Amino acid sequence: CETCSKEEAKYRCPRCMKYSCSLLCVKKHKLELSCNGVRDKTAFVSVNEFTDLNLLSDYRFLEDVGRTADAAARNPIVHSPAARKHLFFLRNKARKCGIDLRTLPIGFTKRKENSTTFSGMEKRFYWHLKLVFPHSHTEYTLKGVPDNKTLADILKPYVDPVESDPVVCQRLKIYTMSPQSDVQILMKIENRRQNTVRYNELDACRSLLDNLKGKVIIEYPTLYVVLKTLKSDMVVLGQDASEPAENSDGESSSLSSMEEGEIRDSS
């Protein structure tokens, strides 16, 4: 058992492939790793390991996607003039703020999750925001985050050893025990031409709006909170000597004006 290391394993998690010996250890590993126990149908399988079961699984997955797309196409609510007007309104307001906000087709997970709104009275975005803590295998979804709030204030309930909730503090122990100067906030660059993943570094002292200006956002921002000493596989564009920075047109530019990247979403 990879949870208690005492008993012989009887179960294997379909999601993370961890071995467990009992229901108690299964629940414990799900809590510690934020694992939902559901098999990832889109996980990569090499050709050498590909079997008839994988082929059948892929076929059923495509059937499910087809049914979901068909159901979405028949839904009168999502295709109503009011829904289209709301999306146009958000994109237009974002453009005026210097943000290239893009929405996904009906049926995509991020499209259904997005709760971003714009207050005409306050002239301010209230963002749907996702925080990912890769070193703890944990993520949190925030709703109604005002665009004038600094990233440091947004992260305080999670990485500050004094102000964070005890449960959150324990789950993000590796962050709360590290010096604040080691915490780095990254955002994946969208619509990147090369088939590589690169990140922009954000300024924790500036507001969410200032950090999003000039960037491409797919539905809502996803921020990756990492520790500088552990992010070996996350390349920040402009800090990699083998590759120059880019702007949204794919041309070389300074680090402060990098704006683009790739989109990945599974529905």
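Residues numbered from 1 in each chain as written. Predicted model: local features only at pLDDT ≥ 70, side-chain atom pairs only at ≥ 80, totals over all residues. Heavy atoms only, no water.

S.K.: What's the story with the overall build of the chain in this structure? I'm lost.
M.R.: Helix and strand counts for the chain stand at eight helices and ten strands. For the chain, the residues scored as buried account for 37% of the 267 residues in total. When contacts within the chain are restricted to residue pairs at least 6 apart in sequence, those whose partners lie at least 24 apart make up 56%. Total accessible area on the chain stands at roughly 16100 Å², and carbon and sulfur atoms take up 54% of it. (Helix = DSSP H or I, 4+ residues; strand = E, 2+ residues; numbered from the N terminus. Buried < 20%, exposed > 50% of the residue type's maximum accessible area, 1.4 Å probe, protein only. Contact = heavy atoms within 4.5 Å. Areas by Shrake-Rupley, 256 points an atom, 1.4 Å probe, with all protein chains shown as cover.)

S.K.: Sorry, what's going on with the side chain of Ser136 here?
M.R.: Within the secondary structure, Ser136 sits in the loop between strand 5 (124-133) and strand 6 (138-146). Here Ser136 falls in the buried class, since its relative accessible area comes to 9%. Not counting residues up to four positions away in its chain, the partners in contact with Ser136 are Glu32, Arg171, Leu172, Ile174 and Tyr175.

S.K.: Can you help me understand helix 3 (residues 81-96) in this one?
M.R.: Every α-helix winds through 3.6 residues per turn, so residues three or four apart in the chain are directed the same way. In a regular helix each residue adds 1.5 Å, so 16 residues correspond to 22 Å; helix 3 covers 22 Å between its end C-alpha atoms and thus fits that length. Among the residues of helix 3, those classed as buried are Leu87, Leu90 and Ala94. The buried residues of helix 3 occupy an angular sector of 60° when projected down its axis, which confines them to one face. Turned more than 90 degrees away from the buried face of helix 3 sit Pro81, Ala82, Lys85, Phe88, Arg95 and Lys96, all of them exposed. Summarising the contacts, the buried residues of helix 3 are in contact with strand 3 (100-102), helix 4 (109-113), strand 4 (117-119) and strand 5. In the segment just after helix 3, Gly98 is the residue with positive phi, at about 85°. (Expected span 1.5 Å × (residues − 1). Arc of directions from axis to C-beta.)

S.K.: I keep staring at unusual backbone geometry and nothing clicks. Help me out?
M.R.: A negative phi angle characterises most non-glycine residues, just as the trans form characterises most peptide bonds. Phi is positive for Ser5, close to 60°, though the residue is something other than glycine. For Ser5, the position within the fold is in the segment before strand 1 (11-12). When its relative accessible area of 63% is taken as the criterion, Ser5 is described as exposed.

S.K.: Would you take a moment to explain helix 1 (residues 23-33) for this structure?
M.R.: For helix 1, the full list of buried residues reads Cys25, Val26 and His29. One face of helix 1 carries all of its buried residues, which in axial projection span an arc of 105°. With respect to the buried face of helix 1, the exposed residues turned more than 90 degrees away are Leu23, Leu24, Lys27 and Leu31. On the buried face of helix 1, the contacting elements are strand 1 and strand 2 (19-20). Phi turns positive one or two residues past the end of helix 1, at Ser34, with a value near 50°.

S.K.: Help me understand the pairing of strand 10 (residues 222-227) in this model?
M.R.: The two faces of a sheet get side chains in turn, since along a regular strand they alternate between them. Most of strand 10 is tucked away, with six of its six residues classed as buried. Neither face of strand 10 is open: one carries Thr222, Tyr224 and Val226, the other Leu223, Val225 and Leu227, and all of them are buried. As paired strands, strand 7 (residues 183-188) and strand 10 are joined by five bridges and run antiparallel to one another. Bridge pairing in strand 10 places Val183 opposite Leu227. (Pairing = 2+ DSSP bridges.)

S.K.: Just checking my understanding: could you explain the packing of aromatic side chains for this structure?
M.R.: How two aromatic rings sit relative to each other is set out by the distance from centre to centre and by the angle between their planes. Under the definition given, this model contains eight aromatic pairs. Where Tyr199 meets Tyr224, the ring centres are 5.5 Å apart and the plane angle is 80°; that geometry is what we call edge-to-face. Pair noted here: Tyr199 is in strand 8 (residues 199-202) and Tyr224 is in strand 10, with a separation of 25 residues, a long-range link. The pair Tyr199 / Tyr224 is uniform in exposure class, with both members buried. Lying over the aromatic face of Tyr220, Lys110 brings its terminal NZ or CZ to 4.8 Å of the ring centre. (Phe/Tyr/Trp six-rings, centres within 6.5 Å; stacked < 30°, edge-to-face > 60°. Lys NZ or Arg CZ within 6 Å of the ring centre and 35° of its normal.)

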